[in-house]
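Residue-level structural notes
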Amino acid sequence: MDAAMAPITSTPSTAMWRQWNLSQVRWWVWLILIAAADVLLFVAIARDELYTLIFGKVQQGIVLTLFVTLVAYFLALAIGLIVGLGRVSKNGIIYNLATLYVQIIRGVPILVQIFFVSFVATPAFFELLKAIGAALSGVLGPDNFLAQTSTQDVSLLARAVVALTVAYGGYEAETFRAGIESIGRGQMEAARSLGMSYFQAMRYVILPQAVRNVLPPLGNDFVSMLKDSSLVSVLGVRDITQEARLYVAASFRYPETYYMLAFMYLNMTIPLSMAVRWLEGRMGSGRRAA
Amino acid sequence: MDDAPRDMIAIKNLVKHFGHVQAVNGVSLTVAQGKVVVIIGPSGSGKSTVLRCINHLESPTGGEIWVDGIKLTHDHKNINAIRAEVGIVFQQFNLFPHLTALGNIMLAQRVVRKRKREEAARIARQQLARVGIPEKADVYPAQLSGGQQQRVAIARALAMNPKIMLFDEPTSALDPEMIKEVLDVMLALAKEGMTMAVVTHEMGFARNAADEIIFMDQGLIVERGTPDIFFGNPREERTRLFLSQILH
């Protein structure tokens, strides 16, 4: 309905109400439709012996999927913040190191990074430790703890988490950089002119505003991490994807198993995406101008 | 040290280049304690740059700056120490939008001066009362008018007990009806004996508050003098031209 057709009694406030109402309706329709479809599917699964069996198998990986996602995500946020600060640094060495890291990470597929971290970087790291151990054998003894370390000490799960952390650290760095650069120069000048150091100004003035601005992309990246956690299955780490693959290998029930797997991912990603959109909407309306 | 100037601000032969642009071409001036110096001039004349060099928001290309007997260097500790003694008020207010008026005034007190929360809050309320808006303590900057925001910015600077206050076109971004409330606060500060360096286009303020007026053009000081002489009988042709353009 356009403005011309609106009743004469319509005031600006009712027009605003209608606009707000429309967007809310779409949001709720989505939620109800998805919830209804979901309930139907759950009922269908519960009443079907085969699907109940498959669900029972695949859900064994759910704790691992969530563990990998959460740990890698929050470690990636820490790396991203540090590298992101490097990307806005005026120190040439720090800036270039941070930029190099981001460029490499963004130029290599995450799957390849997982292989690389697991089968190249980790063994190389332990070769280095052993070499140090050997070099120090005179001081620490021939059987010192460094010489004793082995690549086998690090589980494939840990390597997978490290790989996802390193990969997402590069993406989060760019998100934080964008957030920091969205804050006007005057904020830093005001903080510095009050005697704050660069890091105090970052900590108390720039980052609180910057992080607020990038909450939606950070939320989207969490959803992406949940999906990309399925890549750890290539290392045999038993997340839900790997559990599904194992069941398929034994049963050849391809369609049923992968329908189930996709269904389980959607059940996690769609509510999360909606939460992010809700957050975005709330920020859009409640944003405080500078 | 014998050669340390006794003035609150002493600038000797300041030069500042931005790439090929020569913003300041050798400016020397002093501000004695308790005095108010007003710098005027056309835009691009380098007056804001001079002000911003005093607390090292711009780092000088050449020359010397002394603040309260301490020579300004590129050392971070030195710069932060001087900045804590020099308050600055910007054209665009630059309040922290994520903090209330009170939070804005408390932050640097706590982080830089290491004051306790209660003490910082008490001082913040005093300063808000001083600039005439004690009732706005818990309001966020976005809910304040331009004039109120600028007064919070002044209170924020004053809460650090600065020895010097710098004003960089503090009323240029304000609606006309809000200019007076900010100028009144500045005038009161000047009367209380605050050492001030003010860049402004408000000739009424310059006439009433200034001990000395400095007219700059193209990075150089063209003329300086007391308000009476400066407005009444300027020596330089360029000064007369400038005054005729802004005094209608």
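Throughout this description, residue numbers start from 1 for each chain and increase along the sequence as written. Chain A is the first chain written and ligand 1 is the first ligand written, with later ones labelled in order. Reporting in this predicted model follows two pLDDT cut-offs: at least 70 for local features of residues, and 80 or more for side-chain atom pairs to be given and counted; totals over whole chains, interfaces and linings ignore these cut-offs and use all residues. The basis for the side-chain values is all heavy atoms of the structure; hydrogens and waters are excluded.

Some details on the overall build of chain B
Secondary structure elements follow DSSP: runs of H or I no shorter than four residues count as helices, runs of E no shorter than two count as strands, and numbering proceeds from the N terminus. Across its full length, chain B holds nine helices and 10 strands. Relative to the 2.2 N^0.38 estimate, which gives 18 Å for 248 residues, the radius of gyration of chain B is 18 Å and therefore close to what a compact globule would have. A simple rule labels every residue: compare its accessible area, found with a 1.4 Å probe on the protein chains alone, to the largest value its type can have, and call it buried under 20%, exposed over 50%, or partly exposed in between. The buried share of chain B, taken over its 248 residues, is 56%. Contacts between residues were defined by any pair of non-hydrogen atoms, one from each residue, lying within 4.5 Å. Counting contacts in chain B only where the partners sit at least 6 residues apart, residues at least 24 apart contribute 64% of the total. Reported accessibility uses the Shrake-Rupley method at a 1.4 Å probe radius. Residues are deemed covered only where the shown protein chains occlude them. Accessible surface computed for chain B: about 11000 Å², of which carbon and sulfur atoms make up 48%. For this measure, only C-alpha atoms enter the radius of gyration; the expected value for a globule follows 2.2 Å times N^0.38, where N is the number of residues.

Description of the sheet that holds strand β1 (residues 9-18) of chain B
Residues and elements named next belong to chain B. The four strands are arranged β2-β1-β4-β5 in an open sheet whose pairing can be described as antiparallel. Strand pairing shows two members of the sheet lacking a second neighbour, β2 (21-31) and β5 (70-71), which therefore form its edges. Angles here are taken between N-to-C directions and fall from 0 to 180 degrees, while the axes themselves are lines fitted to C-alpha atoms, restricted in helices to the stretch in contact. Packed onto the sheet, helix α1 (residues 47-54) meets β1, β2 and β4 (62-67) and runs at close to 115° relative to β1. DSSP bridges decide pairing: two strands pair if at least two such bridges lie between them.

Notes on the sheet that holds strand β8 (residues 195-199) of chain B
All names here are of chain B. The strand order across the open sheet formed by six strands is β6-β7-β8-β3-β9-β10, and the pairing between neighbours is mixed. This sheet does not close on itself; its edge strands, each paired only once, are β6 (86-89) and β10 (220-225). Within this sheet the neighbouring strands show an average axis-to-axis angle of 15°, counted without direction. When strand β3 (residues 36-40) meets strand β9 (residues 212-217), the two strands line up parallel, connected through four bridges. The residue bridging Ile39 from the neighbouring strand is Ile214, located in β9. Across the sheet, helix α6 (residues 176-191) is in contact with β3, β7 (164-168) and β8; its angle to β8 comes to roughly 145°.

Re the interface of chain A and chain B
Between chain A and chain B, the residue contacts involve 20 residues of the former and 25 residues of the latter. Taken over both partners, the interface formed by chain A and chain B buries close to 2000 Å², and the fraction arising from carbon and sulfur atoms is 61%. A carboxyl oxygen of Asp or Glu within 4 Å of a side-chain nitrogen of Lys or Arg is what we treat as a salt bridge. Our enumeration of links across chain A and chain B arrives at one salt bridge. For B:Arg52, the salt bridge identified is with A:Glu189, shortest N-O distance 2.6 Å. Polar contacts, as counted here, are pairs of nitrogen or oxygen atoms within 3.5 Å of one another; within protein the pair requires one atom able to donate a hydrogen and one able to accept it, and residues that are adjacent in sequence qualify only if both atoms are side-chain atoms. Between the two partners, chain A and chain B, sit five residue pairs in polar contact (both at pLDDT 80 or more). When residues of the side of chain A that touches chain B are traced back to their parent elements, those giving at least two are α9 (185-193) and α10 (198-213) of chain A. When residues of the side of chain A that touches chain B are assigned to their parent elements, the largest contribution, eight residues, is made by α9(A). For this scheme, ten residues count as nonpolar: Ala, Val, Leu, Ile, Met, Phe, Trp, Tyr, Cys and Pro. Four count as charged, namely Asp, Glu, Lys and Arg, and the remainder, Gly too, count as polar. Here the residues of the side of chain A that touches chain B are counted per class, giving nine nonpolar, seven polar and four charged. When two parts are put together, the accessible area they lose, computed with a 1.4 Å probe and summed over both, is reported as buried area.

Overview of the side chain of A:Gln209
You can see A:Gln209 is positioned in helix α10. The exposure class of A:Gln209 is buried, given its relative accessible area of 9%. For A:Gln209, the contacting residues outside a window of four places in its chain are A:Ile183, A:Gln187, B:Pro97 and B:His98.

Focus: the pattern of salt bridges
For the structure on display, the rule yields 17 salt bridges over all chains. Note that B:Arg130 is salt-bridged to B:Glu192, the shortest N-O span being 2.7 Å. Here B:Glu192 lies in the loop between α6 and β8 and B:Arg130 lies in helix α4 (residues 117-130), a separation of 62 residues in the sequence. Residue B:Arg130 is classed as partly exposed on the basis of its relative accessible area of 37%. Each member of the salt-bridge network shares a partner with another, and the members are A:Arg87, A:Glu174, A:Arg177 and A:Glu181.

Quick word on the layout of surface pockets
A probe as big as a water molecule, rolled over the atoms, marks out the empty space that is left. Residues and elements named next belong to chain A. Cavities and pockets were defined on a 1 Å grid built over protein atoms only: a cavity is a set of grid points that admits a 1.4 Å probe from which the probe cannot escape, a pocket is an open set flanked by protein on both sides within 12 Å along at least five of seven lines, and lining residues are those with an atom within 4 Å of any such point. Grid points are joined across faces, edges and corners, and a volume is the space filled by probe spheres set on the points. Its volume calculated, the largest pocket comes out at about 1100 Å³. Along its surface, the largest pocket is lined by 31 residues, and Val88, Lys90, Met188, Arg192 and Tyr198 are the ones closest to its centre. In terms of residue class, the lining of the largest pocket is made up of 13 nonpolar, 10 polar and eight charged.

Remarks on the nonpolar core
Remark: nonpolar core denotes a set of buried residues (Ala, Val, Leu, Ile, Met, Phe, Trp, Tyr, Cys) joined through side-chain atoms within 4.5 Å. B:Ile154, B:Met165, B:Phe167, B:Met186 and B:Met196 are the most contacted members of the largest nonpolar core, which has 52 residues in total. No other element matches α6(B), which puts eight residues into this core.

A word on the packing of aromatic side chains
Residues and elements named next belong to chain A. Two aromatic rings, drawn from Phe, Tyr or Trp (for Trp, its six-membered ring), form a pair once their centres lie within 6.5 Å of each other, and the interplanar angle then sorts them: stacked below 30 degrees, edge-to-face above 60, tilted otherwise. One pass over the structure, following the stated rule, counts 10 aromatic pairs over all chains. When the centroid spacing of 4.9 Å and the interplanar angle of 80° are considered together, the rings of Tyr73 and Phe222 count as edge-to-face. Here Tyr73, found in helix α3 (residues 62-87), pairs with Phe222, found in helix α11 (residues 215-228); they are 149 residues apart in sequence, far enough to count as distant. Note on Tyr73: relative accessible area 6%, which makes it buried. With a relative accessible area of 18%, Phe222 lands in the buried category. With centroids separated by 5.9 Å and ring planes inclined at 55°, the aromatic side chains of Tyr168 and Tyr171 adopt a geometry described as tilted.

What about helix α9 (residues 237-246) of chain B?
All names here are of chain B. For α9, the complete set of buried residues consists of Thr239, Phe242 and Leu243. For α9, the angular spread of buried residues about the axis comes to 95°, placing them on one side. Among the exposed residues of α9, those oriented more than 90 degrees off its buried face are Glu237 and Gln245. Residues of α9 that are buried sit in contact with β3, α7 (203-209), β9, β10 and α8 (227-232). Here the arc refers to the set of directions running from the helix axis out to each C-beta atom.

Quick word on a nonpolar patch on the surface
Residue and element names in this part refer to chain A. Patch members must show over 30% relative accessible area and no salt bridge, and they are joined within 9 Å when carrying like charges or within 5 Å when they are nonpolar side chains of Val, Leu, Ile, Met, Phe, Trp or Tyr. On the surface, Leu111, Val112, Phe115, Phe116, Phe119, Val120, Leu156 and Val234 cluster together into a nonpolar patch covering about 650 Å² of accessible area. Examining the composition of the nonpolar patch, we find that six residues originate from one element, helix α5 (residues 110-135), more than from any other. Within the element layout of this structure, Phe119 appears in helix α5. When its relative accessible area of 47% is taken as the criterion, Phe119 is described as partly exposed.

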